[in-house]
Structures are given as C-alpha cells and as structure tokens.
Amino acid sequence: DWSLYTPFGYSISHYGKKTAVHMADNREVRGHFRPPKAAACAKLYAQMMASYDGYRIRDAHYYEAFWLPYQSCCGAQVLQYEEAGKPLGYCSVYTQGDTCVVEEIVYADEDALLAMLTLLLREGKPLSVISAIDAPIPGTSLQIPLAMMKHAPQMKEKRFLSECI
C-alpha cells in the first residue's frame, strides 16, 4: 500500500503503465529471440534510459552478476531480440496463470518493440506488459506507480524507474 509512506514525506514520483496487449500476431517479423548477452542488454538499456530520469545505472557486469541470474531464479525468462545478428531489444517474461507477463521490456525503436510483442503473442496466451508510460504498446493500459521519493522535486523530465526486482 503506497499510502503507508505518505505520512513520512514520501510521494509517488515515478509512474509506468500495465498494458493488456491488443494487436494481431500476424505482423511480419524479421528477427528472432535468443538467449541474452549481458553486454547487449546493458547497451540497449543505457540507450533507452538516456531519455528518462530516475533509472538504476546498469552495466554488463550488473547484468551478468545480478540481473540475469535474478530473473532466472525468480522464474522469469529473459529473451533478447535480434535482427540480422544485431540486438534490438530484450524482455523479462514469466507466466501468471494463463497470461504471459512482461515485467521489463527494453527496445531500440518502435519496430523492435512491436516485433517482440508479436513474437510473444504467437505463443497464444494473453499478454500483459509493464513499461514506461509513453511506450507505444497497443492495448488497454492502466497507469501504475513504480517508485516513491521523499519530498519529490517537481521535475519536467520524463520519469521512469525500470527495475523489476
């Protein structure tokens, strides 16, 4: 319960969205999923987070030593999306009931995002994605809190905290 912390000066400072994806799975996809490489994940993450405020700094060592093993031990599968050998995105996915849940999705551009969503939809399960509030994901979205700050400053920057731990 987020309101538990408000008496101590905390307020919700970062939001994302949870989207029930509604799109056809017949989009042409030029790439494929493969097991993740820590260096590629770190590079994609740094490129995407460059336009946001309030993200955790991650490098290849962080992915190799912590993030990738943590996802695995928690039952999530990390999939790296590539086209012609070039990494263009990755996502952390787990199954909850009959739904495929994407807890984190990082992508180089909208085409890579839609390609990853298409491949996931081809599994034949409903798809739910937690993402940045401005992610161009087709479907029904609900704004969700991601982080709180004590005496959060008023900022005009885009705020998104990406950390599925």
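Our subject is the structure listed above.
Note that the coordinates shown come from a computational prediction; the quantities given were computed from them, not determined experimentally. (Residues numbered from 1 in each chain as written. Predicted model: local features only at pLDDT ≥ 70, side-chain atom pairs only at ≥ 80, totals over all residues. Heavy atoms only, no water.)

Chemist: What's the story with the sheet that holds strand 7 (residues 139-150) in this structure? I'm lost.
Modeler: Strand pairing in a sheet is mediated by backbone hydrogen bonds. Such pairs are either parallel or antiparallel. An order of 2-3-4-5-6-1-7 is seen for the 7 strands of this open sheet, with the pairing classed as mixed. Looking at which strands have only one partner, the edges of the open sheet turn out to be strand 2 (32-34) and strand 7. Strand after strand, the sheet turns through a mean of 30° between neighbouring axes, direction not considered. Sheet topology places strand 2 next to strand 3 (residues 77-83); 3 bridges connect them, and they run antiparallel. The residue bridging Phe33 from the neighbouring strand is Tyr81, located in strand 3. Contacting strand 3, strand 4 (86-96) and strand 5 (99-107), helix 1 (residues 38-49) crosses the sheet at an angle of about 95° to strand 4. (Pairing = 2+ DSSP bridges. Helix = DSSP H or I, 4+ residues; strand = E, 2+ residues; numbered from the N terminus. Axes fitted to C-alpha atoms, helices over the stretch in contact; angles between N-to-C directions. Contact = heavy atoms within 4.5 Å.)

Chemist: Would you take a moment to explain helix 2 (residues 60-73) for this structure?
Modeler: Given 3.6 residues to a turn, an α-helix orients residues that are three or four positions apart in the same direction. In this model, helix 2 (14 residues) spans 19 Å end to end at C-alpha, consistent with the 20 Å of a helix rising 1.5 Å per residue. At Trp67, helix 2 shows its maximal kink, close to 30°; a proline, Pro69, follows between one and four residues later. Restricting attention to buried positions, one finds in helix 2 the residues Tyr62, Tyr63, Trp67, Leu68 and Gln71. Contacts made by the buried residues of helix 2 are with helix 1, strand 3, strand 4 and strand 5. Where helix 2 begins, one side-chain oxygen reaches toward the backbone nitrogen of His61, 3.2 Å away; that side chain belongs to Asp59. Looking at the residues trailing helix 2, positive phi occurs at Gly75, about 90°. (Expected span 1.5 Å × (residues − 1). Bend = angle between axes of the 7 residues up to and from the residue. Buried < 20%, exposed > 50% of the residue type's maximum accessible area, 1.4 Å probe, protein only. Polar contact = N/O pair within 3.5 Å; in protein donor to acceptor, adjacent residues only side chain to side chain.)

Chemist: Mind showing me how you'd approach the pairing of strand 4 here?
Modeler: In summary, the side chains of a regular strand alternate between the two faces of the sheet. Sheet analysis places strand 3 next to strand 4, joined by 7 bridges and oriented antiparallel. When the bridges of strand 4 are listed, Gln77 appears paired with Val93. Linking strand 3 to strand 4, which pair antiparallel, is a turn of 2 residues; within it Ala84 sits at a positive phi near 50°. Bridge analysis of strand 4 against strand 5 gives 8 bridges, and the strand direction is antiparallel.

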